[in-house]
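A look at the structure
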Amino acid sequence: MTKPMRWITTLLLLGVVALAVFVAAVLYDLNRSIAPIDQADADPSAEALEEKIARGEYIAHVSDCVACHTVPGEAPFAGGYGLETPFGELFASNITPDDETGIGGWELADFDRALRHGQGSNGYLYPAMPYTAYARLSDQDVSDLWAYMQTIEPVEHEVNENQFPFPYNQRWLLAGWNLLFFHEEATANELAQSQDPVERGRYLVEGAGHCSACHSPKNALGANSGEPLSGATLQGWHAPDLTPNAHTGLGKWSSEQVVDYLKSGTNEFAVAAGPMREAVENSTQYMTDEDLSAIAAYLQSVPESSHTAPQPLDAGEAAMRQGASIYATQCSACHVSHGEGVRQMIPSLVGNSQVNAPDPASLLQVVLKGAEGPDTYANPTGAGMPAFDWKLSDEEVANVLTYVRNSWGNAAEPVTAAEVATERDARGARSALKASRE
Ligand code: HEC
Ligand code: HEC
Ligand code: HEC
């Protein structure tokens, strides 16, 4: 053999050995036994079981299982809801106790394997199911949640979760993803129930509440990367910075204001729209005041993100002048002339972290398609923001947002007409009816 041939053969052999080792590791990983959950209350009295189920229902709310596992208007937890991912749509499983199409034949250990270890009926689960966060759940919470799951009405509903094209439909590849990005780190029962608000808040934010799933930046493979909780864009919405950064984050929010927002969906700064509206309606509004305060305490304790305020545009610039006149005719009736809004009804655009966010995705959604505030027990009358897609051209939307992002102390990159055009297309918004506006 010539020297280069020998090299190629050696490399090929090494490749085959590496693949064999990987496949063996996958098989080992899928069949390994997971330490059984320590169950102090394995055989509870009727009364204790009732309490256990009630605690489990609370965990289900906090973890927002219903958000993905229910098609709105259909049977709870019966699955079939499609999640947008960079590889196509992924459909959430039927997790009702139906024997044929749900998880009826499962035991606590199988449930734990899915929830905290990312392995389900068909092998590895895609991380769109937030097992990377749920891995932090305590034994007690997993076992309580399981007690509750068994009380759900079984529903026969076949779901074909994985309809990705090749090679993304190959679940075994996720063993590699887990190796790179997944750390199993269950929380001890005592720590999960800690009286220290920052500890309890960490558990809720990083674990059950999986706030990072939306609010932390991701790499190309969809794993958390970069500054935790510093803001990220998903499904066309920007989930803003939750760190104590005063410009783009929650630096100006008091603990009460964080609690208010999570409980009612609104406070003097913001009204929850899009995916956060759903998170408030399905999840955070059910949390106790102590848990919401713990979340606020933890968010105040995390390191501040490094986003800085750019130099605001000059009010004399053409885009700013056109933006100001659109604002005066189209927006000021609700948001008032200097952007302060109306308390608990119309969000203030002044010092609003979403308005100052590096990515204007949510602003574009709201202005083009309109938005409705959440309907919560604490605030049943959600206010609405009308859609402006039919009324304003790409340039007008860009200019009014550029104006809002650079007035009254706000400072953020201008929005361009090209960005508006792209978003109009991607979100299926209507085109502007130029003629009717003359
Ligand atoms: C952000 C969306 C999302 C949330 C929130 C979510 N899930 Fe899932 N879940 C999914 C998706 C998507 C799948 C399917 C993944 C796959 O097939 O790889 C799934 C799969 C599962 C499975 C595996 C079922 C099987 O047959 O393999 C179980 C069990 C499960 N989820 C339980 C839960 C529970 C309990 C909660 C709340 C603690 C929850 N999920 C919250 C999206 C979600
Ligand atoms: C499914 C994705 C998703 C999850 C999960 C989620 N959020 Fe959000 N969140 C968003 C989006 C998107 C927005 C922006 C909403 C808007 O523009 O009205 C937002 C907005 C917020 C805001 C308002 C910030 C501001 O400056 O206006 C707070 C506070 C917040 N989220 C806290 C949380 C906490 C705490 C959790 C976990 C318990 C959480 N979120 C979980 C997507 C999510
Ligand atoms: C009829 C009253 C009304 C008018 C007119 C109106 N808005 Fe709004 N706006 C609202 C309400 C209510 C919300 C909160 C909706 C939600 O987030 O669910 C809102 C939300 C917003 C947000 C999102 C703020 C955040 O914290 O996420 C922006 C940005 C915004 N409006 C800008 C504008 C601009 C620009 C115009 C003019 C082109 C305008 N609005 C006209 C009522 C109005």
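Summarised in this report is the structure supplied together with it. What you see is a predicted model; the values in this text were computed from it and never measured. (Residues numbered from 1 in each chain as written. Chains lettered and ligands numbered in written order. Predicted model: local features only at pLDDT ≥ 70, side-chain atom pairs only at ≥ 80, totals over all residues. Heavy atoms only, no water.)

1. Considering the overall build of the protein
Within the protein, the secondary structure is distributed over 17 helices and eight strands. Seen along its three principal axes, the alpha-carbon backbone of the protein occupies a region of about 80 × 65 × 40 Å. Across the 438 residues of the protein, 45% fall into the buried class. Within the protein, counting contacts between residues at least 6 apart in sequence, those at least 24 apart form 65% of the total. Accessible surface, the protein as shown: approximately 21700 Å² in total, 57% of it carbon and sulfur. Averaging the positions of the 25 positive and the 57 negative side-chain charges in the protein gives two centres separated by 9 Å. (Helix = DSSP H or I, 4+ residues; strand = E, 2+ residues; numbered from the N terminus. Buried < 20%, exposed > 50% of the residue type's maximum accessible area, 1.4 Å probe, protein only. Contact = heavy atoms within 4.5 Å. Areas by Shrake-Rupley, 256 points an atom, 1.4 Å probe, with all protein chains shown as cover. Lys, Arg positive; Asp, Glu negative; His and termini not counted. Charge placed at Lys NZ, Arg CZ, Asp CG, Glu CD.)

2. Here we look at helix 17 (residues 417-426)
Listing the buried residues of helix 17 in full gives V420, E423 and R424. With its buried residues spanning 105° around the axis, helix 17 presents them on a single face. The exposed residues of helix 17 that point more than 90 degrees off its buried face are A418, T422 and D425. Buried residues along helix 17 sit in contact with helix 15 (361-369) and helix 16 (394-405). Following helix 17 by one or two positions, G428 adopts a phi angle in the positive range, close to 60°. (Arc of directions from axis to C-beta.)

3. A closer look at the site of ligand 1
Contacts to ligand 1 come from 28 residues, most closely from C65, C68, H69, S121 and M129. Interatomic distance of 2.8 Å between a side-chain N/O atom of H69 and a nitrogen atom of ligand 1. The separation between an oxygen atom of ligand 1 and a polar side-chain atom of R171 is 2.7 Å. Looking at the shell around ligand 1, its residues break down into 19 nonpolar, six polar and three charged. (Near = heavy atom within 4 Å. Polar contact = N/O pair within 3.5 Å; in protein donor to acceptor, adjacent residues only side chain to side chain. Nonpolar A, V, L, I, M, F, W, Y, C, P; charged D, E, K, R; others polar.)

Interpretation note: all reported values are geometric properties and have no functional meaning in isolation.
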